[in-house]
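Residue-level structure breakdown
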Amino acid sequence: MTKRLKELADLLPGARLEGSDAVITSVERDSRRVQEGALFACITGAHVDAHSFIPDVARAGARAILTERERVEVPAGISVLHVSNLQEALDVIVPYFYDYPARSMRVIGITGTNGKTTTSYLTRAILRHAGKRVGLIGTIQVMMEDEVFPTSNTTPDVIVMQQLLAEMRTRGMDTVIMEVSSHALDQGRVAGIEFDTAVFTNLTQDHLDYHKTMENYARAKARLFDLVSAEGTKAGKTAVLNADDAASEIMRAHTHCPIIAYGVENSAALMAQDVHLAQDGMELTLVHDGAVFSRLHIGITGLFNVYNVLAATGAALAEGLPASDIVAALSAFTGVPGRFELVRAGQKFSVIVDYAHTPDGMENVLRTARAVTRGRIIAVFGCGGDRDRTKRPIMGRIGAELSDIVVLTSDNPRTEDPAAIVDEVEVGVLPVIGDKPYEKIVDRRTAIFHAVGTARAGDTVVILGKGHETYQILKDGTIHFDDRETAREAIRGL
């Protein structure tokens, strides 16, 4: 895939080209990925100025530099494309460079604070049962059919995103399911993507370190519904909205295409009724347009997962899939790594690992654990460093109120002092803990071993915050750490 540099410059009003009209074979922002023929975007970040890599990328074969600067020193033979706003320029030229791959596939975008990952996996299961070739771009991984690729962000930047979509098009994917974060929507990472179905799960407190207010956070999410409503090259656009979440009204105001509403409490086109939860699954009746769709047994549990099932069903209906495929795929579904995942190692108590790292997510998991536990709830949790500090005491309070034993520990402290983070979480614990046992054990491995060692038959140990992650981010680097592995080790040591 190639484009002439002048072709790209002509897309950008006010752009200035210095040097020859080079043939461009890729667009890159990571100097380590530059190969012969690349256009290298010189992004100036908080810690690194990419202009310092110009000699390196020239040696690697870059043919041109994209920059906001008026003057840039470059080696002989390197062209320079000057633009007023580098990110806006990338948002325009990168989708064009890859010939707008999203236009060749159906694209389902899923946004919301909680539930995006499980909803995306449920939707993927239904689509694949219906015979579709499916790509998935999510928090845990990128998938093209059964092939798995690791990922570092919920939604990749615009360059990686378009490269992934182009590869999915090449591999013949029919549909792409994408978790779309508020950061991605706010930062233009989904530029040039024509969405066909947009799903909203819920809105609860998270990322206020970035968005500052819940209004800003909601507005960022609503951008997905502007995008799905925009005129495009494909027909059949639909928004799927949670009728039980008040923020859906904000999403609805940004939606100008057909809507499928789903809910449990409020009347909606798609509803779940007669719900029965167990530890290893749930039963429910799906009702669509007032008629019983099916009575289902599904291998995941929790009221929050009822909503995820409804959201995925709504997405499948929006994409025109038959009821038989929806029912069969849901009935066979057994779960998502790190989402209310049961750790089984022969013990007489339960251990659940879950990614919940927001107040609402934590409350959902603990209430579900309570509903299916005859003994005590032992909660192990902390909060991430360099993230929204206001939720720390809130999560401490929820943990103390909804558990019988609380073990505060480290999550991903990043550049912060993990003990100081635990102290901030403890502020919410102390007013409500009463005479319940609680411990502060900063080392996460020790905390998990303590909780497992405390458990008796019939209890449930709930380890929150990291879920599927197999690492822990510390001030001096990233180490291997898997809550599930650690829990199994602790159980075996009993």
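Right above here is the structure, for reference.
Quick caveat: nothing in here was measured; it's all calculated off a predicted structure. (Residues numbered from 1 in each chain as written. Predicted model: local features only at pLDDT ≥ 70, side-chain atom pairs only at ≥ 80, totals over all residues. Heavy atoms only, no water.)

Our focus in this paragraph is the environment of Phe-340. Looking at the element boundaries, Phe-340 is found in the loop between α11 (323-332) and β19 (341-342). Remark: the alpha-carbon pair of Phe-340 and Gly-467, spanning 127 residues in sequence, is separated by 8.2 Å. If we skip the residues at most four places from it in the chain, Phe-340 touches Gln-279, Thr-301, Phe-304, Ile-352, Val-353, Asp-354, Val-365, Thr-368 and Ala-369. (Helix = DSSP H or I, 4+ residues; strand = E, 2+ residues; numbered from the N terminus. Contact = heavy atoms within 4.5 Å.)

Moving on, we get to the environment of Ala-272. You can see Ala-272 is positioned in strand β16 (residues 270-278). Sequence-distant contacts of Ala-272, defined by excluding residues within four places in its chain, comprise Gly-263, Val-264, Thr-285, Val-306 and Leu-310.

Moving on to the packing of helix α4 (residues 116-129) against α11. Packing of α4 against α11 leaves a shortest axis separation of 8 Å and a crossing angle of 125°. In terms of orientation, α4 and α11 fall into the oblique class. As for how α4 packs across α11, the hand of that crossing is right-handed. Residues Leu-122, Ala-125, Ile-126 and His-129 of α4 form the contact with α11, whose own contacting residues are Asp-325, Ile-326, Ala-328, Ala-329 and Leu-330. Considering only residue class, the contact of α4 with α11 consists of seven nonpolar, one polar and one charged. (Axes fitted to C-alpha atoms, helices over the stretch in contact; angles between N-to-C directions. Parallel < 35°, antiparallel > 145°, perpendicular 65-115°, else oblique. Left-handed = near helix turned anticlockwise from the far one by under 90°. Nonpolar A, V, L, I, M, F, W, Y, C, P; charged D, E, K, R; others polar.)

Within the secondary structure, Lys-237 sits in the loop between α8 (214-229) and β14 (238-242). Residue Lys-237 is classed as buried on the basis of its relative accessible area, which comes to 10%. Separated by 2.8 Å, the side chains of Lys-237 and Glu-194 make a polar contact. Separated by 3.2 Å, the side chain of Lys-237 and the backbone oxygen of Phe-195 make a polar contact. Setting aside its immediate chain neighbours within four residues, Lys-237 contacts Glu-194, Phe-195, Asp-196, Val-228, Ala-230, Cys-257 and Pro-258. (Buried < 20%, exposed > 50% of the residue type's maximum accessible area, 1.4 Å probe, protein only. Polar contact = N/O pair within 3.5 Å; in protein donor to acceptor, adjacent residues only side chain to side chain.)

Within soluble globular proteins, side chains that are nonpolar tend to cluster in buried spots. Ranked by internal contacts, the top residues of the largest apolar core, which has 40 residues, are Ile-126, Ile-298 and Leu-330. Ranked by the residues each element gives to this core, the list is headed by helix α10 (residues 303-318), at ten residues. For Ile-298, the residues in contact, after removing those within four places along its chain, are Gly-281, Met-282, Leu-284, Val-309, Leu-330 and Phe-333. Counting residues in hydrophobic clusters, the runner-up holds 33 residues, among them Met-144, Val-190, Leu-203 and Leu-227. (Core = buried A, V, L, I, M, F, W, Y, C linked by side-chain atoms within 4.5 Å.)

Another aspect to go through is the sheet that holds strand β6 (residues 64-67). Taken in spatial order, the five strands of this open sheet run β2-β7-β6-β5-β4, and their pairing is mixed. Here the strands that pair on one side only, and so sit at the sheet edges, are β2 (16-18) and β4 (26-28). Adjacent strand axes in the sheet meet at a mean angle of 20° when their direction is disregarded. Inspection of the sheet shows β6 paired to strand β7 (residues 79-82) by four bridges, in the parallel sense. The residue of β7 that forms the bridge with Thr-67 is His-82. (Pairing = 2+ DSSP bridges.)

Among the eight residues of strand β17 (residues 281-288), six are classified as buried, and the element is accordingly described as predominantly covered. In this structure, the hairpin formed by β16 and β17 is closed by a connection of two residues. Where β17 meets strand β18 (residues 291-298), seven bridges bridge the pair, whose relative direction is antiparallel. Note that in β18 the partner of Met-282 across the bridge is Ile-298.

With that out of the way, let us pick up α4. Under the 1.5 Å per step criterion, the end-to-end length of α4 is 20 Å for 14 residues, consistent within 8% with the ideal 20 Å. Within α4, eleven of the 14 residues are buried, leaving the element largely enclosed by the surrounding structure. Remark: Gly-131 follows α4 within two positions and exhibits a positive phi of approximately 90°. (Expected span 1.5 Å × (residues − 1).)

Turning to unusual backbone geometry, a few remarks are in order. Phi is positive for Asp-274, close to 50°, though the residue is something other than glycine. Here Asp-274 lies in strand β16. For Asp-274, a relative accessible area of 48% gives the class partly exposed. Backbone geometry at Asp-386 places phi at a positive 60°, although glycine is not the residue there.

A sheet is described by the order of its strands in space; here six strands give the open sequence β19-β20-β24-β21-β22-β23, paired in mixed fashion. Each having just a single partner strand, β19 and β23 (438-440) make up the two edges of the open sheet. Both strand β20 (residues 350-354) and strand β24 (residues 460-464) contribute to a ladder of five bridges, which runs parallel. Within the sheet, the bridge partner assigned to Ile-352 lies in β24 and is Val-462. Sheet strands touched by helix α13 (residues 391-402): β21 (377-381) and β22 (405-408). Its angle to β21, the strand with the most contacts, is close to 165°.

All right, on to the pairing of strand β10 (residues 141-144) then. The side-chain alternation of β10 yields two buried faces, one formed by Gln-141 and Met-143 and the other by Val-142 and Met-144. Bridging between β10 and strand β11 (residues 147-150) involves four bridges; their strand directions are antiparallel. Bridging across to β11, Met-143 finds its partner in Val-148. Hairpin connection, β10 to β11: the antiparallel pair is bridged by two residues, and Glu-145 has positive phi, about 55°.

With respect to the helices and strands, Ala-220 occurs in helix α8. Taking relative accessible area as the criterion, Ala-220 reaches 7% and is therefore assigned buried.

A separate point is the side chain of Asp-91. With respect to the secondary-structure elements, Asp-91 resides in helix α3 (residues 86-97). For the buried Asp-91, no salt bridge is present, and the opposite-charge side chain at shortest range is Arg-29, 8.1 Å distant. Not counting residues within four places of it along the chain, the set of residues in contact with Asp-91 comprises Val-158, Gly-188 and Ala-191. (Lys, Arg positive; Asp, Glu negative; His and termini not counted. Salt bridge = Lys/Arg side-chain N within 4 Å of Asp/Glu carboxyl O.)

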